[in-house]
Amino acid sequence: MEKERRRWSSSGFCVAAVGMQFRVMTAGGSLRLPRMRASVEQMLTRTHTHFTYELLFARNCRLTLITEHGVSEFENQVVIVPPGLKHCSALDESGGYNLLVLPQNVAGDRFDIAADKPTALDLDEALGFYIARLAEEWNSDAGTEVAEHLAALILHGVFGKLLGQDALARTSTPTAASPIGIIEGYINGNYEKNIKLGDLSEEVHLCEKQVARIIRREYGVTLPQLLTQKRVGAAEMLLKNSDLKISEIAARVSPTEENYFFKIFKAQTGMSPLQYRKTYRK
């Protein structure tokens, strides 16, 4: 009997590399990042975070990344964005890719990665080839072994450098797919809207209780609390790095009334938006 084939999407899969298990996902249906030339202010409206590591591959293109530390540019590099770091990005040409990666049951300090800023590694020819091939396989009807093997090679190439390991992984272990990648991608793209559990339920084809359970398990908070974190995080980036009026920022990141958003912003940060801007722009 022919082995069952299925499409990998943002649901992801698990592979083994550098002696551990990784869950591999993408925040959307494709690994390819669209070319997006944008001003700093335009970029900042897309500020978001991930509960995973995000690997951004700038292959023959220039990647602009904005974090709380400022604006950085990368070319022919793979940039590792740690969990929880507020960021946004744009590409000057096509040729960029992204992966969301979650080590399974491993302490984060095993890797030599800063928790509050991105880490960049050179994107060698082999890694560039593997990520381009994986992007082709991600939504194809090809056998799953190919995608899993390519992902294992990529993760070993990236995290192996951080661990001082040079040998390439040769095995992979698939497990049941998870919808968390779809959920995170949808929230990051729509947190300024009034997202309900029902919206996410339709995206992942699960009941609302299951979606709520997944969010609680992965993030440790409820959906409303998660949305508040995303919105406040985006507002912080705009207050620090743009000249937009505070009322414009509130309108861009939240569907609530301006006064209510100011209230939750102060509850989260201990400062009003105006105090926050003055404090971090001194």
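**Q** Honestly, the overall build of the chain in this entry has me stumped. Any pointers?
**A** Within the chain, the secondary structure is distributed over ten helices and eight strands. Put simply, the chain has 282 residues, and 51% of those count as buried. Put simply, the chain shows about 13,500 Å² of open surface, and 47% of that area lies on carbon and sulfur atoms.

**Q** Help me understand the packing of helix α7 (residues 223-241) against helix α9 (residues 258-269) in this model?
**A** Helix packing for two helices is described by the angle between their axes and how far apart those axes are. Running from amino to carboxyl end, α7 crosses α9 at an angle of 90°, the nearest separation of the two axes being 10 Å. The pairing of α7 with α9 is recorded here as roughly perpendicular in orientation. Where α7 abuts α9, its residues Thr228, Gln229, Arg231, Val232, Ala235, Glu236 and Leu239 lie against Phe261, Ile264, Phe265, Gln268 and Thr269. A per-class count over the contact of α7 with α9 returns six nonpolar, four polar and two charged.

**Q** Explanation requested: the packing of aromatic side chains in the structure shown.
**A** Working definition: an aromatic ring pair is given by the centre-to-centre distance plus the angle between the planes. Evaluated as defined, the whole model comprises seven aromatic pairs. Between tyrosine 53 and phenylalanine 159 the ring centres are 6.1 Å apart and the planes differ by 75°, which places this aromatic pair in the edge-to-face class. Here the residue tyrosine 53 occupies a position in strand β4 (residues 53-67), and phenylalanine 159 occupies one in helix α3 (residues 144-163), the gap between them amounting to 106 residues. Taking the relative accessible area as the measure of exposure, tyrosine 53 reaches 9% and is therefore buried. Judged by its relative accessible area of 0%, phenylalanine 159 falls in the buried class. Ring centres 5.5 Å apart and planes at 85° place the aromatic pair phenylalanine 265 and tyrosine 276 in the edge-to-face group. Residue phenylalanine 265 is found in helix α9, and its partner tyrosine 276 is found in helix α10 (residues 273-280); the two are separated by eleven residues along the sequence. No difference in accessibility class separates phenylalanine 265 from tyrosine 276, as the two residues are buried. An aromatic cluster is built from Phe261, Phe265, Tyr276 and Tyr280, whose rings are joined through pairwise contacts. The ring of tyrosine 280 carries the charged tip of lysine 240 above its face, separated from the ring centre by 4.6 Å.

Calculation criteria
- Residues numbered from 1 in each chain as written.
- Predicted model: local features only at pLDDT ≥ 70, side-chain atom pairs only at ≥ 80, totals over all residues.
- Heavy atoms only, no water.
- Helix = DSSP H or I, 4+ residues; strand = E, 2+ residues; numbered from the N terminus.
- Buried < 20%, exposed > 50% of the residue type's maximum accessible area, 1.4 Å probe, protein only.
- Areas by Shrake-Rupley, 256 points an atom, 1.4 Å probe, with all protein chains shown as cover.
- Axes fitted to C-alpha atoms, helices over the stretch in contact; angles between N-to-C directions.
- Parallel < 35°, antiparallel > 145°, perpendicular 65-115°, else oblique.
- Contact = heavy atoms within 4.5 Å.
- Nonpolar A, V, L, I, M, F, W, Y, C, P; charged D, E, K, R; others polar.
- Phe/Tyr/Trp six-rings, centres within 6.5 Å; stacked < 30°, edge-to-face > 60°.
- Lys NZ or Arg CZ within 6 Å of the ring centre and 35° of its normal.

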